[in-house]
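Listed below are the residues making up each chain.
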Amino acid sequence: ATNEIREHCIRFLIGLLYSTGLRLGEALALNLGDVDMKDATLFIRNGKWHKQRLVVISDSTLEALRSWVTLRAAHAQSQANDPLLIGQWNQRLKHGQAQHAFTRLRAQCSLSGSHPPRLHDLRHNYACGCLQLWREQQQEDLDALLPVLANAMGHVDFRSTQHYMHIDAAALQRAGAKLHTHVYSTKG
């Protein structure tokens, strides 16, 4: 039963990291009392540099969270100070357990090489996904939105978030097409 609940917990953890941009340690430190399902937020009590923040979660993440809390109820107590993520009966999932499970999963998926994916890479994917969504929504000034992303990710300084601003090939093509349209529509 321990392995079964841990497998479910790891599956939920991967989705949580991917959809929120949390650091692994922040996710592992969450208690049930840090979850506000009514307002769809997570309270990060002790992020990097001891920074506290609220993280808004999407509807799909909220649904997954509800399912996880229901499943975990059979394997743990449900008081405010009890851990959200468990590896066995009412025991907080440990960093090493999460890393080991992810390493096994990576091997099962044949994801290896000199730089195999890490759990921390899910945080990077979250940041890039936010920027891509803003690009698709044609947000004009992504630089102005960097402090929003920095706050969501718990960066002390929004300049730490700037390294996520790389432009992928599709965004570069869209920018080129806009420039082409602008240049040729203003020729007279």
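Here, the structure is the one placed above.
First, a word on scope: everything that follows refers to the structure included in this document. Computed from a prediction, not measured in an experiment: that's the story for all the values here.

Here a ring pair, both rings aromatic, is described through the centre-centre distance and the interplanar angle of the planes. Across all of its chains, the model carries one aromatic pair by this definition. Relative to Trp68, the ring of Phe12 lies with its centre 5.9 Å away and its plane at 10°, an arrangement referred to as stacked. Of this pair, Phe12 sits in helix α1 (residues 2–20) while Trp68 sits in helix α3 (residues 59–72); the two residues are 56 residues apart in sequence, bridging distant segments of the chain. Take Phe12 and Trp68: they sit in the same class, and that class is buried.

Moving on to the nonpolar core. One finds Leu13, Leu22, Leu42, Leu84 and Leu85 to be the most contacted residues of the largest nonpolar core, which totals 33 residues. Of all the secondary-structure elements, those providing two or more residues to this core are α1, α2 (24–28), β2 (41–44), α3 and α4 (95–108). When residues no more than four places from it in sequence are discounted, the contact partners of Leu85 are Cys9, Phe12, Leu13, Ala27, Leu28, Leu30, Trp68, Gln91, Arg92 and Leu93.

Let us look at the sheet that holds β2. If you walk across this open sheet you meet the three strands as β1-β2-β3, and the pairing is antiparallel. Whereas interior strands pair on both sides, the edge strands pair on one side only; in this sheet they are β1 (35–36) and β3 (53–56).

With that settled, consider the pairing of β2. Judged from the two bridges that link them, β1 and β2 form a sheet pairing that is antiparallel. Looking at β2, one finds that Asp36 is bridged to Thr41. Hairpin connection, β1 to β2: the antiparallel pair is bridged by four residues, and Ala40 has positive phi, about 55°.

About the criteria used
Residues numbered from 1 in each chain as written. Predicted model: local features only at pLDDT ≥ 70, side-chain atom pairs only at ≥ 80, totals over all residues. Heavy atoms only, no water. Phe/Tyr/Trp six-rings, centres within 6.5 Å; stacked < 30°, edge-to-face > 60°. Helix = DSSP H or I, 4+ residues; strand = E, 2+ residues; numbered from the N terminus. Buried < 20%, exposed > 50% of the residue type's maximum accessible area, 1.4 Å probe, protein only. Core = buried A, V, L, I, M, F, W, Y, C linked by side-chain atoms within 4.5 Å. Contact = heavy atoms within 4.5 Å. Pairing = 2+ DSSP bridges.

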